[in-house]
Every structure is written in C-alpha cells, then in structure tokens.
Amino acid sequence: MTNIKNLRSSRFWIVYIILLFALLGFALLVELFEGDTFLSITLLILSIGMLIFFVYRLSFFYKEFCKLEEEEEQWSALIHFMPDFVCFKDGQGKWKKVNDFGRKLYQLENVDYYGKTDLELGELSPFFKNDFNYCFTSDENAWNKGTLLRIEESFAIPSGDIKSFDVLKIPLFYPNGNRKGLLTIGRDISQQKTAESMLLKREKLSVVGELAAGIAHEIRNPLTSIKGLTQLMHESQNVTDEYVKVMISEIDRINQIASELLALSKPQSRKHNQVALTDILRYVMNIMEPEALLRGVELEFKDAEHCQIEGDRNGLIQVFINLFKNAMDAMPDGGIITISSEIIGNKVFISISDQGMGIPPERLKKIGEPFFTLKEKGMGLGLTISHKIIQEHRGTIDFQSTENVGTKVTMTFPLG
C-alpha cells in the first residue's frame, strides 16, 4: 500500500514537471521567433531531451504502479476469499478494511464501516453490540501488551448458533512507539469445539459404563454368596447362626459399597475454615497408634512445620486415616511409617512413607481408579474418595513406589 501511494505521488510530480517543460518549450518557441536564434534552439533541444527523459521515467513508474496495483488486487481477493475473519484497524481503532467473511459475520454488508470504531459499529449493529464492546476491550489489551495476543472468543449469531474463534491480535507501532495499526485474524473453530464436546460426552459415557461394570461386579459377589446360602438353607431346611452371620456380613458389604458410592458422587457441602495440618496429622496418629502397635508398626513424625490451610477438618482426617491404613496394610510384618511436612513458597508438602511391599509400575498407574485395589478384601473406593477430597482443597496427590522397598505419598496444598 505504501509503495502504491509513493508511485501515485511520484506520478503527480512528474506530470507537473512535464507541464512546466511544456510551458518552457512554448516560451522558447516564442523567443525563437523574437530573440537569439542559437540560444533558443539550444534551450529547445535541451527541453525536448529532458521531456523525453521524464516521459520515459513516467512510463516506468506507470508500469510499476500497474504491477503493484495488480498485486494489491490479488492480495485483496485472497483475503476476501479466506474462510477466516480478517480486519485492519488504524492506531485509533478505526476500521480500515475487513474481508467479506467478516462483513457477513457481523451483518455489515450494507453498513459503511470505514473509519468507525467498534463502539460505533455496535450502535449500527445492535445484535452484536456486546461483542463489539468486548472487541474494543481486547484490542486495548493487545495494545497494552505490545505483542501478539491470542485469545478465544465465543458469541451467538442471529441464527441462534454459537460461534467460537481462535483470535490473533497483532498490534503495529511506528518507530517512535506510537500506535500504527492493528491486524485481527480469527479462525472459526466452532466445529472443532463441537467435536471436542462430543468426545467429552463419549468419554463421560465410557467412564459411567466402566463405573457401572465395577459396581455390578462388586455387588454381584456378595449377592452370589447370599443367594447360595439362601438356596442351601431352603434345601436343607436348616438355618444356622454361621449362615446368618455370613449373610448379614455380605449385606453390610453391599451397604458399605452403596454408602461409599454416595460419598463419591453426591455433591459435598463442606465448610472450609482455617485448619492446622500438623495438628490434624497428630490427631490421626493418636487415633491410629493403638492399631499400629498391634501390627508392629511405628509412626514417626519428623521435619514438622506448623502451617494452616483453608480446608475441611473431617475430610482431611478421612484422607489421612485412609493413607495410614494403606501404609500399615502394605507392611504385614511391621515397619516404620514416616510423616513429614515442608513449606515451599506458598504451598505445603505432606509426605507419608512406608517400608512395605511397594506397588508394581503397571499397577501404580491405576491408583485412584474406582474399584481398583491391591487388597484381597478391598473395594477400591478409598483412594478415589481421597482424590476427590484433595481436589476440593485445590491440592494434588502423587505416588512414588519401589517394589520391596516401600511407597511414598506426597500431597500438596495451598497455604491459607
């Protein structure tokens, strides 16, 4: 664009000079008949030579002008046929050029957009007023940032559909730092977002299917025992205390599975307050100490740092009891469970290490999945519930394990 403007300016001055030489030639012709003949002829020849030279230069510039103008038309056609939104604005945020896709998108086909800001276009196209206002704000963010800004924008169109765009805003500046212009390119990713949403739904359905299969498997086992004992008692016409105890135990097991599933799926309205993590850990250690003594397990608390977080005391107690029980179950012959806490930056790290059997790498990846357990009589919901409670506290949990050496569980929580 700049080169074309320069050529247009140069063409104007060349035509102006030619006119001057034409006037000069006319004056020389007059002088030829009235004055010094030799001088007049010399000046005339010189004028004609310079005129020829400037005519040649004019033809050269005209060819360059036509060439650049053709290139501009090609680029303009390319931009207009692009399936993306393309818009050029000046340093004051006024629209200078937008492609056909953009005009159709914002219903500006019959609107004179040139020289208008987003706020002014919002008044001319009321349906998109809020969207134009948002564009004005995001443009300012791009100017203030000073470099390429990439954002995702979604808005409704008159048909009722939601359009999503991956938007690039590129601010341009003059050498002195003043705003020169802003280039906005938006790629329509609506179909991609729809596909992602469908994949997410399929993934949810897949998870629900796996969960349902796990529930059916876990409940079928005690139901099979109850059914077998019921048939046995019916055939033998003999009801023994042993059979009744087994049936009650299996019914309690079904009830426990249902209770843990409710705890896992039901939205919890936990009230978070300032709680001291070290105090909660010591409280859980006191609860678990009698069982630890019976199993020959020693609980060792070291490197304790007093810290507070925003959390639910009962939920955290449930998590720590579950982890202590897992650690003790991994050490049937006894051992040491080490608990430590450390503050790094704005986070607190809690680690619980045991000297147990460890977890094989292929099984370590499945830790926390519903109904996955390494225990013979476990249900595989304890760690799943613990994961959920930790996530509610904006924390993380990580497992590191080596077979025949032990397992270390590290939790992180943001400080209160």
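An unreviewed UniProt entry lists the chain under the name histidine kinase, from Heyndrickxia vini. Here is the UniProt Catalytic activity (unreviewed entry) comment for the chain, exactly as written: "ATP + protein L-histidine = ADP + protein N-phospho-L-histidine."

Draft legend 1. Representation of the nonpolar core within the structure. Judged by nonpolar contacts, the single largest core of 39 residues is most densely connected at Leu 277, Phe 320, Phe 324, Ile 337 and Met 411. Broken down by secondary-structure element, the contributors of at least two residues to this core are helix 8 (277–294), strand 7 (297–302), helix 9 (313–329), strand 9 (335–344), strand 10 (347–353), helix 11 (382–392), strand 11 (396–402) and strand 12 (406–414). When residues no more than four places from it in sequence are discounted, the contact partners of Met 411 are Val 319, Phe 320, Leu 323, Val 348, Phe 349, Ile 350, Ile 352, Ile 390, Thr 396 and Ile 397.

Draft legend 2. Geometry of helix 8. With 18 residues, helix 8 should reach 26 Å at 1.5 Å per residue; the first-to-last C-alpha distance of 26 Å fits that figure. Taken as a whole, helix 8 carries its principal kink of about 45° at Met 288; the proline Pro 290 stands between one and four residues after it. By the burial criterion, the buried members of helix 8 are Leu 277, Thr 278, Ile 280, Leu 281, Val 284, Met 285, Met 288 and Ala 292. The first or second residue beyond helix 8 is Gly 296, which carries a positive phi of 75°.

Draft legend 3. The arrangement of unusual backbone geometry in detail. In the Ramachandran plot, Arg 394 falls in the positive-phi region, its phi being about 55° despite a non-glycine side chain. Judged by relative accessible area, which is 61%, Arg 394 ranks as exposed. Residues other than glycine seldom take positive phi values, yet Asn 404 does so here, at roughly 65°. On the secondary structure map, Asn 404 appears in the loop between strand 11 and strand 12.

The rules behind each value
Residues numbered from 1 in each chain as written. Predicted model: local features only at pLDDT ≥ 70, side-chain atom pairs only at ≥ 80, totals over all residues. Heavy atoms only, no water. UniProt positions renumbered as here; feature names shortened; annotations may be inferred. Core = buried A, V, L, I, M, F, W, Y, C linked by side-chain atoms within 4.5 Å. Buried < 20%, exposed > 50% of the residue type's maximum accessible area, 1.4 Å probe, protein only. Helix = DSSP H or I, 4+ residues; strand = E, 2+ residues; numbered from the N terminus. Contact = heavy atoms within 4.5 Å. Expected span 1.5 Å × (residues − 1). Bend = angle between axes of the 7 residues up to and from the residue.

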